[in-house]
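# Topology and contacts: notes
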Amino acid sequence: TLYLLSRKDAPMGQLLALPAPAFSLDKAKAVVTAGRSSIDGFLAAGPILYVRYMAGGPSRLLAKEAGKPDRMVAVGEISSVGQLVRGKGSQLLFENESYVEPSAWYTYDPASGAVKRTAMFTTSPASFSDVEVVRQFAISKDNTRVPMNILRRKGTRLDGNSPTLLYGYGGYGINESPAFSARRRVWLDHGGVWVTANLRGGSEFGDSWHEQGRLIKKQNVFDDFIACAEYLIKAKYTSPEKLAIEGGSNGGLLMGAALTQRPELFRAVVSHVGIYDMLRVETFPNGAFNVTEFGTVKETEQFKALYAYSPYHHVKDGTDYPAVLFLTGDNDGRVDPMNSRKMTARLQAATHSGRPIFLRTSSGSGHGIGTALNERIEQDADVFAFLFDQLGIK
């Protein structure tokens, strides 16, 4: 039997079985259909189908066998499952990591149900044993529930005084799945709260979640992000004077839209290699490849949507804007650094708050991929110095 993952007429995915020897699609039978979680991977191991689900960001892993109840494979809480590899017989090898545990490989024995960590695991000099991850939901403008993953040190008081960094992306069907990063330890050690939002535009809830955040529906992404910020303030994690936001590339566009639409909501903004002039983005080198995500000015409805949120075109003179650090690379072939230069100049001329609008340009990097370690260290040092200064972190 040949198994396929299909999304035709199934935005949450379904597994099809094609019988031998023809393996013809017209004889395909749906053997696994998705529920509230999207199917994003599978592995056939003898009589068992291992199915990986995307449950709004975190993963779930099920073992399915004909004639038997589904069995849940024990994975880390609020974690992501990566590769699936067949072991001995029907056993499974799988990769698993979380916000507090680095990546490791585990075995699953369907006979006993036991999950054991193998000798293949990553270590980190930074321990997160004192950190807990809380999953909460914000209510967006159209009443959509938007998940957030909140990292905080155990015992953190909800008194509105915690410096909080909210990260978002929301585009291209890219999932913000739980992933380990020692970088966050610096923020948490200084009393900070770190939040990652699962915004529309990704595929955390299947293809429809992506469709609700692209083309003329892109504003949904910004509404989701703003709702997350408002939740963190209402729940007394933080306050506007203690709230910072960060994103890059498509997430840089998110930063530009958030700070121009709700400047009073944030104290500081860190925006990496972002797109800000949405009326010219398709004319840049590489810009044509973004039309399927953002749209084109050549179609009336898409032009109206692009103009309605284009950050550069919505900077208003005399507005009290938050402090902003724009970061770009001289050799960025994916997003023209002119975006960051124009946006920096426009905000510097317009802001009334007296807070700094900085542009950091690296001659030794591009869009961030493959950036040398020494440059990444210098960049992180500058980002944290900026945030610590603006949020009054000692």
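Keep in mind the model is a prediction, meaning the values are calculated, not measured. (Residues numbered from 1 in each chain as written. Predicted model: local features only at pLDDT ≥ 70, side-chain atom pairs only at ≥ 80, totals over all residues. Heavy atoms only, no water.)

## With respect to the pairing of strand 6 (residues 59–65)
Most of strand 6 is tucked away, with six of its seven residues classed as buried. In the sheet, strand 5 (residues 48–54) pairs with strand 6 via seven bridges, with the strands oriented antiparallel. Its bridge partner being in strand 6, tyrosine 53 is matched across the sheet by arginine 60. From the end of strand 5 to the start of strand 6, which pair antiparallel, there are four residues, and glycine 56 there has a positive phi angle of about 80 degrees. The pairing of strand 6 with strand 7 (residues 71–72) spans two bridges and is classified as antiparallel. Following the sheet pairing, alanine 63 is matched in strand 7 by arginine 71. Where strand 6 folds back on strand 7, the antiparallel hairpin that results is connected by five residues, among which glycine 67 adopts a positive phi of roughly 80 degrees. (Buried < 20%, exposed > 50% of the residue type's maximum accessible area, 1.4 Å probe, protein only. Helix = DSSP H or I, 4+ residues; strand = E, 2+ residues; numbered from the N terminus. Pairing = 2+ DSSP bridges.)

## A look at the pairing of strand 15 (residues 193–197)
Burial analysis of strand 15 places five of its five residues in the buried class, which makes it a mostly covered element. In strand 15, alternate side chains face the same way, and those of Val193, Val195 and Ala197 on one face and Trp194 and Thr196 on the other are all buried. Pairing geometry for strand 14 (residues 164–167) and strand 15, over four bridges, is parallel. By the bridge assignment, tyrosine 167 is partnered in strand 15 with threonine 196.

## What to know about the packing of helix 3 (residues 219–234) against helix 4 (residues 250–261)
Two elements in contact, helix 3 and helix 4, have axes whose closest approach is 10 Å; the angle formed by their N-to-C orientations is 65 degrees. With respect to helix 4, the element helix 3 is oriented roughly perpendicular. Remark: the crossing between helix 3 and helix 4 carries right-handed chirality. Residues Gln219, Val221, Phe222, Phe225 and Ile226 of helix 3 pack against Leu253, Leu254, Met255, Ala257, Ala258 and Gln261 of helix 4. Across the contact of helix 3 with helix 4, the residue classes tally to nine nonpolar, two polar and no charged. (Axes fitted to C-alpha atoms, helices over the stretch in contact; angles between N-to-C directions. Parallel < 35°, antiparallel > 145°, perpendicular 65-115°, else oblique. Left-handed = near helix turned anticlockwise from the far one by under 90°. Contact = heavy atoms within 4.5 Å. Nonpolar A, V, L, I, M, F, W, Y, C, P; charged D, E, K, R; others polar.)

## Some details on the nonpolar core
If you look at the biggest cluster of nonpolar residues, it comprises 48 residues, and the most contacted ones within it are Leu166 and Leu347. Grouped together as the second largest cluster of nonpolar side chains are 24 residues, Leu188, Val270, Ala323 and Phe384 included. (Core = buried A, V, L, I, M, F, W, Y, C linked by side-chain atoms within 4.5 Å.)

## Side note on unusual backbone geometry
The phi torsion of most residues other than glycine is negative, and most of the peptide bonds are trans. In this structure, proline 21 follows alanine 20 across a cis peptide bond, with omega equal to 0 degrees. When you line up the elements, proline 21 lands in the loop between strand 2 (14–18) and strand 3 (29–33). If you check the backbone angles, asparagine 143 has positive phi at about 75 degrees while not being a glycine. One can find asparagine 143 in the loop between strand 12 (131–139) and strand 13 (145–153). Despite not being glycine, valine 273 has its phi angle at roughly 35 degrees, a positive value. Classification of valine 273 by relative accessible area gives buried; the value is 9%.

## Structural notes on helix 7 (residues 338–350)
Taking 1.5 Å of rise per residue, 13 residues should cover 18 Å, and helix 7 covers 18 Å from first to last C-alpha, within 8% of that figure. Those residues of helix 7 that fall on the buried side of the exposure criterion are Asn339, Ser340, Met343, Thr344, Leu347 and Ala350. Down the axis of helix 7, the buried side of the element spans an arc of 140 degrees, and every buried residue falls inside it. Elements that come into contact with the buried residues of helix 7 comprise helix 4, strand 18 (323–329) and strand 19 (357–362). (Expected span 1.5 Å × (residues − 1). Arc of directions from axis to C-beta.)

## Things to note about the pattern of salt bridges
Under the defined criterion, the tally for this structure stands at 23 salt bridges. Linking arginine 262 and glutamate 230 is a salt bridge whose minimum nitrogen-to-oxygen distance equals 2.8 Å. Remark: glutamate 230 occurs in helix 3 and arginine 262 occurs in the loop between helix 4 and strand 17 (268–272); sequence separation between them is 32 residues. Residue classification places arginine 262 among the partly exposed positions, given a relative accessible area of 24%. With a closest N to O distance of 2.8 Å, arginine 341 and aspartate 330 form a salt bridge. With arginine 341 in helix 7 and aspartate 330 in the loop between strand 18 and helix 7, the pair connects residues that are 11 residues apart, well separated along the chain. (Salt bridge = Lys/Arg side-chain N within 4 Å of Asp/Glu carboxyl O.)

## Considering the layout of surface pockets
Estimates place the volume of the largest pocket at around 1,200 Å³. Taken together, 39 residues make up the lining of the largest pocket; nearest its centre are Tyr167, Arg183, Glu246, His272 and Gln379. The element contributing the most residues to the lining of the largest pocket is helix 8 (residues 373–391), with seven residues. If you add up the space inside the second largest pocket, you get close to 240 Å³. Lining the second largest pocket are Arg36, Ser37, Ala55, Gly56, Pro58, Arg135, Phe137, Arg145, Phe205 and Trp209. Tallied by class, the residues present in the lining of the second largest pocket amount to five nonpolar, two polar and three charged. (1 Å grid on protein atoms, 1.4 Å probe; cavity = no way out; pocket = protein on both sides within 12 Å on 5 of 7 lines; lining within 4 Å. Points joined across faces, edges and corners; volume = space filled by probe spheres on them.)

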